Each structure stands twice: as structure tokens, then as C-alpha cells.
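Structural characterization, general
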Amino acid sequence: MLTTVSSGSAALGTSATVPAVSAPTRLRLPDLLNTTDRAADAVLSGRYDRLLRDLPEDERWYTRLDGNDELDVWLISWVPDRSTELHDHGGSLGALTVVSGALTETRWDGEALRHRRLSAGSQAAFPLGWVHDVVRAPGPVIGPTLSVHAYSPPLTAMSYYEVTQQNTLRRSRTELTDAPEG
């Protein structure tokens, strides 16, 4: 993605094209979406059924499905009323595919919080700087609510945020992590 940035006053009319964000990995968001889609298919085919027995009903559960120096892939089970809090993924790009049930994502768009529902089969990608909260969507669910997440490079830190009374975003803490939970 390229962005045109002004290099002087508006009267000069000069601009330069520069990369909007340099990625910390050779993988791109479409690669991560493809990865989560393939992993979701593996979950649906029963490949990971042994992991899904006796899931806790009152806390989120997660396990690494695959990982190397470039990419981590996680399977996450969601329970009602347990959000992730507003957070980013540090220096990692991310993506998810909802396997079953539905999630509600609340994200900061630079001015306000925006909400969207992600149903089974839906995907979302997280560029650098993406700040969001994820929670199991309200409503009746048959079976567990599951999603597959991919991060590249693998997560090393997550920062958590709050929206101030002035409607700005303030970082409240940063945690080192190697899992999709801080």
C-alpha cells in the first residue's frame, strides 16, 4: 500500500509516494488470511477434535496449532462476557477466521469505536497499529465458539488501551507475551 504525503505547504503542491507502513515480515495480510482459512478447514474436518474435548465453559481457551520463527497459528475458544480488552498485536500482523459461532469485534478507527459481527466463515485482518477488542457475540450458540488466528512475526508483546473522556486512545499497559493472551 502506498500513501502520498505532502512534503511542503499546500501551496507548493509537491508530494512524494512512500510506503504507508513497512511490514515486520515477508508475509502479507492475504497470506495470513489464507493460513487461517486452511487451519479453520482442518478444524472443521476433525483434525483437531482431540483438542476440543471438555473445553472450559467459563474461560477462554487457546492452543498453538503451528508455529515457527515467521508465523504462529492459534485455535481459540470463546466464552460469553470474556473480552480481550482493547489491544494491539505489538509488531505483528494478524488475521482470524471464525470457525463456529460468532464474534463481535470492537475496533478503534482513529476517531471512535466501531463494531462488527463476525459469523462462522468470516475473516478479519489486522495491520500494524490495529487496536481492537474481541468477544463472543451475544445470542444462542450450539457448540463452542471457535476461531483460528495467525500472527507474523509471532507475538512478542501486546499493548492494552482505554478511550479517554476526550475521545482519544491511551495506552494503559504493555505486556510481553508469546500467546494470544497477554
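Residues numbered from 1 in each chain as written. Predicted model: local features only at pLDDT ≥ 70, side-chain atom pairs only at ≥ 80, totals over all residues. Heavy atoms only, no water.

Going by what an unreviewed UniProt entry lists, the protein is known as Cysteine dioxygenase type I superfamily protein and is assigned to Mycolicibacterium smegmatis. Turning to the protein, the UniProt annotation filed under Sequence similarities (unreviewed entry) states: "Belongs to the cysteine dioxygenase family." (UniProt positions renumbered as here; feature names shortened; annotations may be inferred.)

Attention shifts here to the overall build of the protein. Along the protein, the regular secondary structure elements total 1 helix and 12 strands. Counting helices and strands in the order they occur from the N terminus, the protein gives β-β-α-β-β-β-β-β-β-β-β-β-β. Taking the contacts inside the protein whose residues are at least 6 apart along the sequence as the reference set, 64% of them involve residues at least 24 apart. Summed over all atoms, the accessible surface of the protein reaches about 10,100 Å², with 48% contributed by carbon and sulfur. (Helix = DSSP H or I, 4+ residues; strand = E, 2+ residues; numbered from the N terminus. Contact = heavy atoms within 4.5 Å. Areas by Shrake-Rupley, 256 points an atom, 1.4 Å probe, with all protein chains shown as cover.)

Attention now goes to the sheet that holds strand E8 (residues 123-126). Reading across from one edge, E3-E4-E10-E5-E8 is the order of the 5 strands in this open sheet, with antiparallel pairing throughout. The open sheet terminates on both sides in strands that have one partner only, identified here as strand E3 (61-67) and E8. Shown here is a sheet whose adjacent strand axes are inclined to one another by a mean of 20 degrees, direction ignored. Pairing of strand E5 (residues 93-100) with E8, which is carried by 4 bridges, proceeds in the antiparallel orientation. (Pairing = 2+ DSSP bridges. Axes fitted to C-alpha atoms, helices over the stretch in contact; angles between N-to-C directions.)

Here 3 strands make up an open sheet; going across it, the order is E7-E6-E9 and the pairing antiparallel. Bordering the open sheet on either side are strand E7 (113-119) and strand E9 (132-136), each of which pairs with just one other strand. Neighbour-to-neighbour, the strand axes of the sheet open up by a mean angle of 20 degrees, direction not taken into account. By the bridge criterion, 7 bridges tie strand E6 (residues 102-108) to E7 in an arrangement that is antiparallel. Following the sheet pairing, Glu-105 is matched in E7 by Arg-116.

Moving on to the side chain of Thr-35. Within the fold, Thr-35 resides in helix H1 (residues 29-44). A distance of 2.9 Å separates a polar atom in the side chain of Thr-35 from the backbone oxygen of Asp-31. (Polar contact = N/O pair within 3.5 Å; in protein donor to acceptor, adjacent residues only side chain to side chain.)

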